[in-house]
Amino acid sequence: MSRYQAELATKTVPGDDNAPGDGQARPSPERRSPHGRQPSQTAAALPEALLHVEDAHYAYGSRQVLRGASLDAYPGEILVLLGRNGAGKSTLVKAITGRIALSDGHLTVSGQDPRQTPWARREIGLVPQQLAIYDKLTPRENLTVFGRLMGVAPDKLNNAADALLERIGLSARAHEPVRALSGGMKRRVNIGAALMHEPKLLILDEPTVGIDTRAREDISDMLRQLRDEGLAILLTTHDMEEAEALADRVAIMVDGQVMASGAPAALVREYFGARMEISVTAARPLDAAMEAEECAALRAAGFTVDPRSNAVRGLVELSGDDLPRVFRTLLADKPEAQEIRVRRPGLDTLLNYFADQGSQP
Ligand SMILES: Nc1ncnc2c1ncn2[C@@H]1O[C@H](COP(=O)(O)OP(=O)(O)OP(=O)(O)O)[C@@H](O)[C@H]1O
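Because the structure is predicted, anything quoted here is derived from the model rather than measured.

Criteria and cut-off values
By convention here, each chain's residues receive numbers from 1 onward along its written sequence. Two thresholds apply to this predicted model, a pLDDT of at least 70 for residue-level local features and 80 or more for giving and counting side-chain atom pairs, whereas whole-chain, interface and lining totals are computed over all residues. Strands here are runs of E lasting at least two residues and helices are runs of H or I lasting at least four, both read from the DSSP assignment and numbered beginning at the N terminus. Put simply, a residue is buried when 20 or more other C-beta atoms lie within 10 Å of its own C-beta and exposed when 12 or fewer do; between those, it is partly exposed, and each C-beta is set from the backbone. Contact between two residues is assigned whenever their backbone-derived C-beta positions fall within 7 Å. Two strands qualify as a pair provided DSSP detects at least 2 bridges between them. Axes, fitted as lines to C-alpha atoms, cover a helix only where it is in contact. Angles between the N-to-C directions of the axes lie from 0 to 180 degrees. In this description, a nonpolar core means buried residues of the types Ala, Val, Leu, Ile, Met, Phe, Trp, Tyr and Cys, linked to one another by C-beta atoms lying within 7 Å.

Peer 1: Honestly, the overall build of the chain in this entry has me stumped. Any pointers?
Peer 2: Counting secondary structure elements, the chain contains 14 helices and 13 strands. Buried positions account for 39% of the 361 residues belonging to the chain. The long-range share in the chain, meaning contacts at least 24 apart out of those at least 6 apart in sequence, stands at 73%.

Structure below.
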C-alpha cells in the first residue's frame, strides 16, 4: 500500500448525508469540495491533487456532454472512472489530455492548465483504447520513438527504454517486431510508450479490453506497482470486477457529471448499508402466478415486480419473512425458478443506482 492510500481510503467517501433512501442521487463530494476534502479534515493531512477538474462543461455542437464534472486524482492512487456508454468518460479524458477545450470549468494538472502549459501536458501519459504503437517496429524501437516524441533527451533514450522493457516484462522480446507479440504484450508496450517521459499521471482508456485473464492480471500487477511508486493512475473500464480489484477509488459518471467517488467497498457500504440485492426470475409468466395481495406486499417492502422479465428484484435489508414471501409469490404453484440470486451489492449496483437516477425525468 502506498503512503497515500490510507488517507485516500477515508478521504472522499460521502458522509451519512449522502446515504440513499430518499430516491435522490447526489453529486460527488468532489463537487461540493474541490479538493475532495471533508470539512472536518485538515489540509495538512492530505496530499495535493495532481489532477483537479472542477465543474467541467463541454458540448459537441448542441449536444452537451460534460455538465459540471468534477474529479481529483492524487499521486499514489488508482482512480477508476466508471460510467455507462455515453456518460462522457472519453470526453473528460480528452479534456484532461488537452485535446479539447472546456467551454466552462477549471482543469489543472500539477496546478497548470494542460492546454496552456506544455510541461503540464508532459505530466500526463496516455494509453488510448486502440493500440497506438508501430507494428513493424520492435518494442525497444517503439519506446525510443515515443520517448523522442515526448522530448526525452537523446542520451537518455536507450537507458530509459531498457529500464521500461524490464518493467513491462518484455526485455526478452525487445528486438522482435511488435506484430509478433500477443495482444497482452502489445498493450504492455503501449503502456511502456506512455511512460517513457516519466509522467506523473497515467491515463488508460479501457486498457484490458479483448485480452485474456492472465494478460489482464499482468497489467493489473504492473499498474499496482506503478501506483505504489507514486504515480497517479486514472483508468476507465466497463469491467466491474476489474474496477473492484484495482481501484483505490472509483468515480461514477452519469450524464456528464461525477455523481460519487470513494473507495469501492466503503462507497457501496455507504450507499447500501446492510441491504442485499435479490433477484428471483420465474420460469413462467408472472401474471398467472401472482396473487395481487402478495404482489402489493412485495412492492411495499421495496421490491420491484417486473412481469416483462418474470422477475422480482429488490435491494432491501432482509427481514425474516422477505425471502419466503418472494418465493411464495413467484413460485406459488409450480416451484420453477429460472434464477435465484442473493448477493451483496457491488459497483455495478452502484452504477445502476446512479444511472437510473440520472435517467429519470
Ligand atoms: N466527436 C463527437 N461528436 C459528436 N458527439 C460525440 C463525439 N464524441 C462523443 N460524442 C457523444 O458524446 C457522448 C459522450 O461520449 P463519450 O465517448 O465521452 O462517452 P463514454 O462515457 O466514453 O462512452 P463509452 O463508454 O461508450 O466509451 C456520447 O453521446 C457520444 O455519442
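Peer 1: Got a minute to help me understand the sheet that holds strand β2 (residues 63-73) in this structure?
Peer 2: Sheet strands associate in pairs through backbone hydrogen bonding, adopting either a parallel or an antiparallel arrangement. Taking strand neighbours across the sheet as the criterion, the 3 strands line up as β2-β1-β4 in an open arrangement whose pairing is antiparallel. One side of each edge strand has no neighbouring strand; the edge strands of this open sheet are β2 and β4 (104-109). Sheet twist, expressed as the average angle between the axes of neighbouring strands with direction ignored, equals 25 degrees. Looking at chain direction, strand β1 (residues 51-60) and β2 are connected through 8 bridges and run antiparallel. Looking across to β2, one finds that V53 is bridged to L71. In this fold helix α3 (residues 89-96) packs onto β1, β2 and β4, with an angle of close to 115 degrees to the strand it touches most, β1.

Peer 1: Before we go on, may I ask you to explain the nonpolar core in this structure?
Peer 2: Of all hydrophobic cores here, the largest spans 76 residues; its most connected members are L51, A73, V80, L201, I203, L234 and I252. Ignoring any residue separated from it by four or fewer positions in sequence, one finds V80 in contact with L235, T237, A243, L246, A247 and V250. I278, L298, F303 and V312 belong to the second-largest nonpolar core, a separate cluster that totals 7 residues.

Treat this as a map of the structure, not an account of what it does.
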